[in-house]
Amino acid sequence: MPVDPHGGKLVQRVAPEQERQKLLREGERYPSLHADEETLLDLENIAVGAFSPLEGFMTREEVERVAAEMLLPNGEVFSLPVLFQQREPPRVVAGESAAIRDVQGQIVGILEIQDVYRLDLPALARQVYGTDSTSHPGVDLLYRKGEYAVGGRIQLLRFPTHRYRKWVMTPAQTRILFAQRGWRTVVAFQTRNPPHRAHEYLQRLGLEIADGLFIHPILGRKKEDDFDSETIMRAYQLLIARFYPQDRVVLAGLATAMRYAGPREAVFHAIVRQNFGATHFIVGRDHAGVGNFYNPYAAHRIFDTLPAPLAITIVKVGAVFHCAVCGEIASERTCPASHEMRRTSVTMTTIRSLLRAGKTPPPELIRPELVGVLQEGLEGSALGV
Ligand SMILES: [Zn+2]
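In this text, all values refer to a predicted model and were calculated from it rather than measured experimentally. (Residues numbered from 1 in each chain as written. Predicted model: local features only at pLDDT ≥ 70, side-chain atom pairs only at ≥ 80, totals over all residues. Heavy atoms only, no water.)

A. Structural context of the overall build of the protein chain. Counting its secondary structure elements, the protein chain contains 12 helices and 15 strands. Radius of gyration (C-alpha) of the protein chain: 21 Å, near the 21 Å computed for a compact globule of 385 residues. A separation of at least 24 residues holds for 74% of the contacts in the protein chain among residues at least 6 apart in sequence. Of the accessible surface of the protein chain, which amounts to about 16,600 Å², a share of 47% is contributed by carbon and sulfur atoms. Here the protein chain holds 45 positive side-chain charges and 44 negative ones, and the gap between their average locations is 2 Å. (Helix = DSSP H or I, 4+ residues; strand = E, 2+ residues; numbered from the N terminus. Rg over C-alpha atoms; globule rule 2.2 N^0.38 Å. Contact = heavy atoms within 4.5 Å. Areas by Shrake-Rupley, 256 points an atom, 1.4 Å probe, with all protein chains shown as cover. Lys, Arg positive; Asp, Glu negative; His and termini not counted. Charge placed at Lys NZ, Arg CZ, Asp CG, Glu CD.)

Listed below in structure tokens is the structure:
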């Protein structure tokens, strides 16, 4: 492959089939740790190597190094904590094994407990998110998951049941797919929304510079007003089928929660896409940001200040908008500043509020062919589907 996974090898912590039954029986004798939906998604991501070089949930030492220096103790860059949090003090001790159980109580994995510890959540939030305010959705989620944590290597015994299953691929699968297509360069595109015209501009830029485009939307917990996974994926399927060279695009979902950690999450997103086999990663304006918590270009600058460079190439793109003078989607680098008053920003917030008001968003914001899928998505979420 043209790019190694972060840390040099793709982590594999899925129990081999011949050991699975034995491990499940052993697990019945271990103390239990219950995992919520986001923790289960990350258990699976660790097991299949999406979070390489992580082999488990972080210990206190790992969290502290990542929060303070963006480094794992082994010297690899890592920017976000990956935690197994608990609201109550866990009744397990370091050195033993625990059975990780899903919401239904079924064993899904084994944790080799290396550390049981208490987190200083506001301090961690300030280091990672740059704020300890609960009005930040990532910080709010961090607090709600509890101040206790267990760390250690994991083994996945059963793939957890979740509604994103039909969309996800493992890094091993995408790497094989990219190789089969003969792609030497793959540009990955992160999103948490259905595609609008500014997204499309960036994706076409990706198609110009690389052999293949890997569209990898985050499917997992998001803000209340974000679109649901089904709508995002259906809109992309339509866009790819009708408007993209299909043999040059791969679409798959990444099932993990959005953290809205801005620059730190941009680094995390890049590392994850490298693990999936991407050689390039597009980072737009205010990547993974929320509200006004981050400078829109902090997610670009962070890549210049990492303790070590990443193997994946970062494609930094400024603000993309529709310019009435240029008569098309353009960016700060292609449209002169004198057109500033004639630019319209292309955001999903604008498109959503037009749809909610019963209006059809103009074609310079979103392709008319996709409007129906988005309308259905909004109706579905209004019904609580
Ligand atoms: Zn212009």
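B. Geometry of the coordination of the zinc ion. Within the protein, the zinc ion binds to C323 (SG), C326 (SG), C335 (SG) and H339 (ND1); these donor distances fall in the range 2.2 to 2.3 Å. The coordination sphere of the zinc ion comprises four donor atoms, whose angles at the metal cover 102 to 119°; the geometry is tetrahedral. Between consecutive donors of the zinc ion, the numbers of intervening residues give the motif C-x2-C-x8-C-x3-H. Each member of the pair, C335 together with H339, is buried. (Donors = N, O, S within 2.8 Å, 3.2 Å for Na, K, Ca; no water. Tetrahedral: all angles 85-135°; square planar, octahedral: opposite > 155°, others 65-115°. Buried < 20%, exposed > 50% of the residue type's maximum accessible area, 1.4 Å probe, protein only.)

C. How the structure looks around the layout of surface pockets. As a volume, the largest pocket reaches approximately 1,100 Å³. Residue lining of the largest pocket: 37 residues in total, with H196, R285, D286, V346 and T347 positioned closest to the centre. Where the lining of the largest pocket is concerned, the elements lending two or more residues are β7 (186-191), α7 (197-209), β11 (280-283), β13 (320-323), β15 (343-345) and α11 (348-356). Each residue belonging to the lining of the largest pocket can be placed in one class, and the counts come to 13 nonpolar, 14 polar and 10 charged. (1 Å grid on protein atoms, 1.4 Å probe; cavity = no way out; pocket = protein on both sides within 12 Å on 5 of 7 lines; lining within 4 Å. Points joined across faces, edges and corners; volume = space filled by probe spheres on them. Nonpolar A, V, L, I, M, F, W, Y, C, P; charged D, E, K, R; others polar.)

D. Representation of empty space enclosed by the protein. Tallying each qualifying case throughout the model produces one cavity of 30 Å³ or more. The volume enclosed by the largest cavity comes to roughly 230 Å³. Along its surface, the largest cavity is lined by 16 residues, and P81, Q85, Y129, K145 and R259 are the ones closest to its centre. Among the elements of the structure, α2 (37-47), α4 (121-129) and α5 (137-144) are those that each provide at least two residues to the lining of the largest cavity.

E. Geometry of the packing of helix α3 (residues 60-69) against α4. Taken N-terminus to C-terminus, the directions of α3 and α4 make an angle of 45°; their axes are 8 Å apart at the nearest point. The angle between the axes of α3 and α4 places the two elements in the oblique class. Handedness of the crossing formed by α3 with α4: left-handed. Contact with α3, carried on its side by V63, A67 and A68, involves L124, Q127 and V128 of α4 and no other residues of that element. The residue makeup of the contact of α3 with α4, split by class, is five nonpolar, one polar and no charged. (Axes fitted to C-alpha atoms, helices over the stretch in contact; angles between N-to-C directions. Parallel < 35°, antiparallel > 145°, perpendicular 65-115°, else oblique. Left-handed = near helix turned anticlockwise from the far one by under 90°.)

F. Here's a closer look at the packing of aromatic side chains. A complete count under the given rule lists six aromatic pairs for this structure. Where F78 meets F268, the ring centres are 6.0 Å apart and the plane angle is 70°; that geometry is what we call edge-to-face. Taken together, the positions of F78 in the loop between α3 and β3 (84-86) and F268 in helix α9 (residues 263-275) put the pair 190 residues apart, joining distant regions of the chain. An identical accessibility class is assigned to F78 and F268; each is buried. In this structure an aromatic cluster arises from ring pairing among F178, W183, F214 and F276. Between R367 and the ring centre of F243, over which it is positioned, the NZ or CZ distance is 4.0 Å. (Phe/Tyr/Trp six-rings, centres within 6.5 Å; stacked < 30°, edge-to-face > 60°. Lys NZ or Arg CZ within 6 Å of the ring centre and 35° of its normal.)

G. Representation of the packing of α7 against helix α8 (residues 229-243) in the model. Between α7 and α8, whose axes approach to 13 Å, the crossing angle comes to 55°. Taken together, α7 and α8 sit at an angle that is classed as oblique. The hand of the α7/α8 crossing is right-handed. Note on element contacts: α8 touches α7 through Y236, L239 and F243, opposite H199, E200, Q203 and R204. In terms of residue class, the contact of α7 with α8 is made up of three nonpolar, two polar and two charged.

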